[in-house]
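Observations on the model geometry
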Amino acid sequence: PTRYIFDEGHHLFDAADSAFSSHLTAREAADLRRWILGIEGGRKGRARGLKKRCEDLLEGDQDAIKALEDIIHYASILCAPNWSHRFRDKEPKGACEAFLMEVYRLVYARATGQNTPYSLETSLFPIDEGLVRAAKELQTAFKRLLTPIEALKKILHMRLENDNGEMNGDMRKRFDALSASLERRGSLTLKSWIAMLKTLQEGEIDKAFVDWLEIERVDGKAMDVGFFRHYVDPMQAFAASIRPHLHGMAVTSATLCDHSEDEQANWKAASERSGAQYLTNEPKQSSYSSPFDYAKNTKVFIINDVNKNDLGQVANAYKTLFSASGGGALGLFTAIQRLRAVYDRIANPLEKSGIPLYAQHMEDMDTGTLIDIFRDDIHACLLGTDAVRDGVDVPGGSLRLLVFDRVPWPRPTILHKARREAFGKRNYDEMLTRLKLKQAFGRLVRRADDTGVFVMLDSMLPSRLHGAFPDDVEIIKTNLSDARTRIEALLKNA
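Residues numbered from 1 in each chain as written. Predicted model: local features only at pLDDT ≥ 70, side-chain atom pairs only at ≥ 80, totals over all residues. Heavy atoms only, no water.

Leu24, Leu78, Phe99, Leu138, Phe142 and Trp193 are the most contacted members of the largest nonpolar core, which has 60 residues in total. Among the elements that take part in this core, helix α7 (residues 129-161) stands out by supplying 14 residues, more than any other. When neighbours within four sequence positions are excluded, leucine 138 is seen to be in contact with Leu24, Ile77, Ala95, Cys96, Phe99 and Leu197. Ile346, Ala347, Val453 and Val455 belong to the second-largest nonpolar core, a separate cluster that totals 33 residues. (Core = buried A, V, L, I, M, F, W, Y, C linked by side-chain atoms within 4.5 Å. Buried < 20%, exposed > 50% of the residue type's maximum accessible area, 1.4 Å probe, protein only. Helix = DSSP H or I, 4+ residues; strand = E, 2+ residues; numbered from the N terminus. Contact = heavy atoms within 4.5 Å.)

Before going further, it helps to spend a moment on helix α4 (residues 62-74). Here α4 contains 13 residues, and its C-alpha end-to-end distance of 18 Å stays within 8% of the 18 Å for a straight helix at 1.5 Å per residue. If you check which residues of α4 are buried, you get Ala64, Ala67, Leu68 and Ile71. Along the long axis of α4, the arc covered by the buried residues comes to 100°, so they all point the same way. Along α4, exposed side chains directed more than 90 degrees from the buried face belong to Gln62 and His73. Considering only its buried residues, α4 is in contact with α2 (26-37), α3 (50-54) and α7. (Expected span 1.5 Å × (residues − 1). Arc of directions from axis to C-beta.)

Our focus in this paragraph is the confidence of the model for the chain. Counting all residues, the mean pLDDT for the chain is 90, and 98% of those residues have values of 70 or more. Of all secondary-structure elements in the chain, the lowest mean pLDDT belongs to helix α15 (residues 386-391), at 71, while strand β2 (residues 22-25) reaches the highest, 97. (pLDDT = per-residue confidence, 0-100.)

We now examine the sheet that holds β2. The four strands lie next to each other as β2-β5-β4-β3, forming an open sheet whose pairing is antiparallel. Both outer strands of the open sheet, β2 and β3 (120-123), are each paired with one neighbouring strand and no more. Neighbour-to-neighbour, the strand axes of the sheet open up by a mean angle of 25°, direction not taken into account. Pairing of strand β4 (residues 209-218) with strand β5 (residues 221-231) involves 10 bridges; the strand directions are antiparallel. Residue pairing for β5: leucine 213 is matched across the bridge by phenylalanine 227. (Pairing = 2+ DSSP bridges. Axes fitted to C-alpha atoms, helices over the stretch in contact; angles between N-to-C directions.)

Attention now goes to unusual backbone geometry. Cis geometry marks the peptide bond from phenylalanine 125 to proline 126; its omega dihedral reads 0°. Assignment of secondary structure puts proline 126 in the loop between β3 and α7. Residue glutamate 8 is not a glycine yet carries a positive backbone phi of 50°. With respect to the secondary-structure elements, glutamate 8 resides in the loop between β1 (3-6) and α1 (12-19). Taking the relative accessible area as the measure of exposure, glutamate 8 reaches 40% and is therefore partly exposed.

Quick look at the pattern of salt bridges now. Taken as a whole and assessed by the stated rule, the structure comprises 28 salt bridges. The residue lysine 268 makes a salt bridge to glutamate 272 at a minimum N-O spacing of 2.4 Å. Of the two residues, lysine 268 and glutamate 272 are both situated in helix α10 (residues 263-274); the distance of four residues between them amounts to about one turn of the helix. Owing to a relative accessible area of 11%, glutamate 272 belongs among the buried residues under this scheme. Among the charged side chains, a network of salt bridges with common partners joins Glu150, Lys153, Glu183 and Lys191. (Salt bridge = Lys/Arg side-chain N within 4 Å of Asp/Glu carboxyl O.)

Here the focus is the environment of leucine 311. Tracing the chain through its elements places leucine 311 in helix α12 (residues 311-325). Judged by relative accessible area, leucine 311 falls into the partly exposed class, the value being 24%. Ignoring sequence-local partners within four residues, the contact set of leucine 311 consists of Arg338, Ala341 and Arg345.

Summed over the entire model, instances satisfying the criterion amount to 18 aromatic pairs. Relative to tryptophan 193, the ring of phenylalanine 142 has its centre 5.3 Å away and its plane inclined at 35°; by these criteria the two rings are tilted. Of this pair, phenylalanine 142 sits in helix α7 while tryptophan 193 is found in helix α8 (residues 169-202), placing the two residues 51 residues apart along the sequence. With respect to burial, phenylalanine 142 and tryptophan 193 carry one shared label: buried. (Phe/Tyr/Trp six-rings, centres within 6.5 Å; stacked < 30°, edge-to-face > 60°.)

Time to look at the environment of glutamine 277. Tracing the sequence through the fold places glutamine 277 in the loop between α10 and α11 (294-297). A polar contact is formed between the side chain of glutamine 277 and the side chain of tyrosine 278, at a distance of 3.4 Å. (Polar contact = N/O pair within 3.5 Å; in protein donor to acceptor, adjacent residues only side chain to side chain.)

What follows is about the environment of glutamate 166. Along the polypeptide, glutamate 166 turns up in the loop between α7 and α8. Look at glutamate 166 and you get exposed, because its relative accessible area is 73%. Residues glutamate 166 and alanine 15, spaced 151 residues apart in sequence, show a C-alpha to C-alpha distance of 41 Å.

Here it is as structure tokens:
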């Protein structure tokens, strides 16, 4: 295609960041091994290995069969099932696990905040000699695996090119799909990992990338470990991939353009987040006012007498506000631990008053199902984090109150610090925070007759972030008691 339309364009930056990043982790390596070898160890599952998917296509082609056998042989260097148990026992199996065991050791040796339930991360530098040795061995192993993958991919491609009509349509599709999957799942992944390991051995910082080591944890339990690489600005890679065949691109979003005091900076942020600055020197920009009457139908309350660091006070505020609205409320949190603590305190009292409470990370169901249940019950309330903020679409009275536990400042991760330095330091932090608040506020009014109230329980919301809300919305700083009374009156007939 030569022309593209991206709706919800505020997600473009994060989508490109995901697409053009590379993670050399235990889970990623185990997934690649499972794609090549299938389910191992007598376990049952639907995943078939590469051999079962393609051996009938290669019948009679000795070069192709040899390449396939080599792929299966060298895949043994990837993380095998139960890798986490071997990490715990310090008995790695194969070059990949040996390298990641060194990462695991180094992160725990260097990282701070080990008593928290959150993930641990540390810089790649200064270079550790044990990690370098393991990286060199793994790079060699990856090259051995890459060689037959490239060979088989080339053979399949040549079979398609040289076909004189002997293959039927289904057979050609299988050859093409297999060749493409070898490229995407095998070649591209291994090439990016080899490049990362080369950087580690040479000890040179590539300013286009942010590299770091991390142990991903959930509730303090290690779930994955690895070497991560992201572009500082992923829109450069996005633009480079789309520019060669691009004739035109439109990006639409209600929250792409920032609303700070600097109008020029607002469009600059939109250009940076959409990649437009790398595609043209003269982008066409248009903005349109909303058809909704925000001044009449919405209010913003900033509560000034709740200590955001006291979870007992925060929980009581949520219970009070949810009761005042009679349900139809969404509570947003900046941390899963805070969400769980509040849920445990208020679920039973609200249930007794006829207000069912659901929560992301607490219920044994996916986020989409939770939102469907919330949408169908006008008296229900829902607690969630970022995924709920961005994904909920609940028009009408089922969502009439939204409560944020605190200002959603970005977490100071290694990746964020690098981008903060590149994109404007404090202004970058404030832009990201305004966009999060704007996204959250936008959940309230989905139709012209919707009524909604936005509440921030953090009195430290600076006035320069008020641009996240429509200009004509009244922003009221008040105490919890007054907010409860006003919300009851505002939503009485909602």
